[in-house]
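# Close look at the chain arrangement
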Amino acid sequence: MTTIQGRCACGAVKYRTEAEPEFSFNCHCRKCQRATGVGHSSAFAIPSDQFHVSGSIKEFKSSSDNGAATYSGFCPECGSPMTSRTERFPERIYIYAATMDDPSDFLPEFVVFEEMAQPWDPPSTQLTQAPR
């Protein structure tokens, strides 16, 4: 069993999971661009009930590009973006790869919303497009 651990920039929020990621991806949608402050997010999905947190994650509710309610989770102390979730898949939470204690373990499987990529942050041509 693999343990994935991570934290925010200041260490006030820490997490761990023993769940194997369901999938991993790079997302270029505008919601992810705004939530992370860069051209895309890199994240992996796990079952919500397998996400264990010490500290408190604050969430900001917004709408995704398809209109579904989404929740961007961040540390209330330092503001580090940490998670995302959507009402479309309430059993799943997405964790930003950069928060991992060892982000070199992250390997994206596909890219989503590549058509929304900024010209200064093009999607990887080595990744397949997500099935939609």
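Below you will find a few notes about this structure. (Residues numbered from 1 in each chain as written. Predicted model: local features only at pLDDT ≥ 70, side-chain atom pairs only at ≥ 80, totals over all residues. Heavy atoms only, no water.)

Another point: the side chain of T83. Its location among the elements puts T83 in strand β8 (residues 81–86). Assessed through its relative accessible area of 3%, T83 is described here as buried. Setting aside residues no more than four positions away along its own chain, T83 makes contact with F51, I57, Y71, S72, G73, I93, Y94 and Y96. (Helix = DSSP H or I, 4+ residues; strand = E, 2+ residues; numbered from the N terminus. Buried < 20%, exposed > 50% of the residue type's maximum accessible area, 1.4 Å probe, protein only. Contact = heavy atoms within 4.5 Å.)

Okay, the packing of aromatic side chains next. In total, this model carries six aromatic pairs according to the counting rule given. When the ring of Y15 is compared with that of F51, the centres are 5.5 Å apart and the planes differ by 35 degrees; the resulting orientation is tilted. Taken as a pair, Y15 in strand β2 (residues 14–17) and F51 in the loop between β4 (41–47) and β5 (52–54) lie far apart in primary sequence, 36 residues in all. The same class applies to Y15 as to F51, namely buried. (Phe/Tyr/Trp six-rings, centres within 6.5 Å; stacked < 30°, edge-to-face > 60°.)

Positive phi, normally seen in glycine, also occurs at F113, with a value near 55 degrees. With respect to the helices and strands, F113 occurs in the loop between β10 (110–112) and β11 (128–129). Relative accessible area serves as the criterion here: at 25%, F113 is assigned to the partly exposed category.

Along the chain, the position of P123 falls in the loop between β10 and β11. Residue classification places P123 among the partly exposed residues on the basis of a relative accessible area of 23%. Along the chain, P123 and H40 lie 83 residues apart, while their C-alpha atoms are 8.5 Å from each other. Residue contacts for P123: discarding those within four places in its chain leaves H28, V111, E114 and A117.

On to the sheet that holds β8, then. The strand order across the open sheet built from eight strands is β6-β7-β8-β9-β4-β3-β10-β11, with neighbouring strands paired in mixed fashion. Across the chains shown, the open sheet's two edge strands, defined by having one partner strand only, are β6 (58–63) and β11. Bridge count between strand β7 (residues 69–74) and β8: five bridges; the pairing is antiparallel. The residue of β8 that forms the bridge with F74 is P81. (Pairing = 2+ DSSP bridges.)

Moving on, we get to the pattern of salt bridges. Across all of its chains, the model carries three salt bridges by this definition. For the salt bridge of R16 with E18, the shortest nitrogen-to-oxygen distance reads 2.9 Å. A residue is classified by how much of its surface remains accessible, and R16, at 35% relative accessible area, is partly exposed. Taking the shortest distance from any N to any O, the salt bridge between E59 and R85 comes out at 2.7 Å. (Salt bridge = Lys/Arg side-chain N within 4 Å of Asp/Glu carboxyl O.)

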